[in-house]
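The lines below spell out each chain.
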Amino acid sequence: MTTPISSMVWVLCGSFIGSFGAVGLKAGAKRLGRNLRSVYTNWRLVAGIAAYLLSAVFFLMGVRQGELSVLYPLVAFGYVWTMFWSRLFFGEPLTK
């Protein structure tokens, strides 16, 4: 079985969207209050969770017809994107 390019694109898009999920969770976590209600009213946190859920749909579309041994390393691109978003949105340093 060979992995189609479309499966690779699905997974790469999923990793890109998932990287925004991490940003949303961090931004939302910074604004959490002590009560549970703040979880539901925190749009950044909700957006982060939604991005992770959407990225899971993209991953499912990708792995449906592709080989996991080919596709799963592409998930690592999400870490690279997250590193750049951390620098851009939170001013975190890029380290070795």
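Quick word on helix 5 (residues 77-90)
With 14 residues, helix 5 should reach 20 Å at 1.5 Å per residue; the first-to-last C-alpha distance of 19 Å fits that figure. For helix 5, the full list of buried residues reads Gly78, Trp85 and Ser86. Projected down its long axis, helix 5 carries its buried residues within an arc of 110 degrees, all on one side. Structurally, helix 5 contributes buried residues whose contacts are with helix 1 (5-30) and helix 4 (68-75). Looking one or two residues beyond helix 5, the residue adopting positive phi is glycine 91, at roughly 70 degrees.

As for the side chain of serine 86
Among the secondary structure elements, serine 86 is positioned in helix 5. Sequence-distant contacts of serine 86, defined by excluding residues within four places in its chain, comprise Gly91 and Glu92.

Description of the packing of aromatic side chains
Following the criterion strictly, the structure yields seven aromatic pairs and no others. Considering the side-chain rings of phenylalanine 20 and tryptophan 85, the 4.7 Å spacing of their centres and the 25 degrees angle between planes classify their relative orientation as stacked. Taken together, the residues phenylalanine 20 in helix 1 and tryptophan 85 in helix 5 connect sequence positions 65 residues apart. Relative accessible area serves as the criterion here: at 13%, tryptophan 85 is assigned to the buried category. A network of ring pairs unites the aromatic residues Phe16, Phe20, Trp81, Trp85 and Phe89 as a single cluster. Between lysine 26 and the ring centre of phenylalanine 90, over which it is positioned, the NZ or CZ distance is 5.4 Å.

Some details on the pattern of salt bridges
Applying the stated criterion to the full structure yields one salt bridge. Two residues, lysine 26 and glutamate 92, come together in a salt bridge whose shortest N-O distance is 3.0 Å. Taken together, the residues span a long stretch of sequence, with lysine 26 in helix 1 and glutamate 92 in the segment after helix 5 at a distance of 66 residues. Exposure remark for lysine 26: the relative accessible area of 35% places this residue in the partly exposed category.

So, how was this worked out
- Residues numbered from 1 in each chain as written.
- Predicted model: local features only at pLDDT ≥ 70, side-chain atom pairs only at ≥ 80, totals over all residues.
- Heavy atoms only, no water.
- Helix = DSSP H or I, 4+ residues; strand = E, 2+ residues; numbered from the N terminus.
- Expected span 1.5 Å × (residues − 1).
- Buried < 20%, exposed > 50% of the residue type's maximum accessible area, 1.4 Å probe, protein only.
- Arc of directions from axis to C-beta.
- Contact = heavy atoms within 4.5 Å.
- Phe/Tyr/Trp six-rings, centres within 6.5 Å; stacked < 30°, edge-to-face > 60°.
- Lys NZ or Arg CZ within 6 Å of the ring centre and 35° of its normal.
- Salt bridge = Lys/Arg side-chain N within 4 Å of Asp/Glu carboxyl O.

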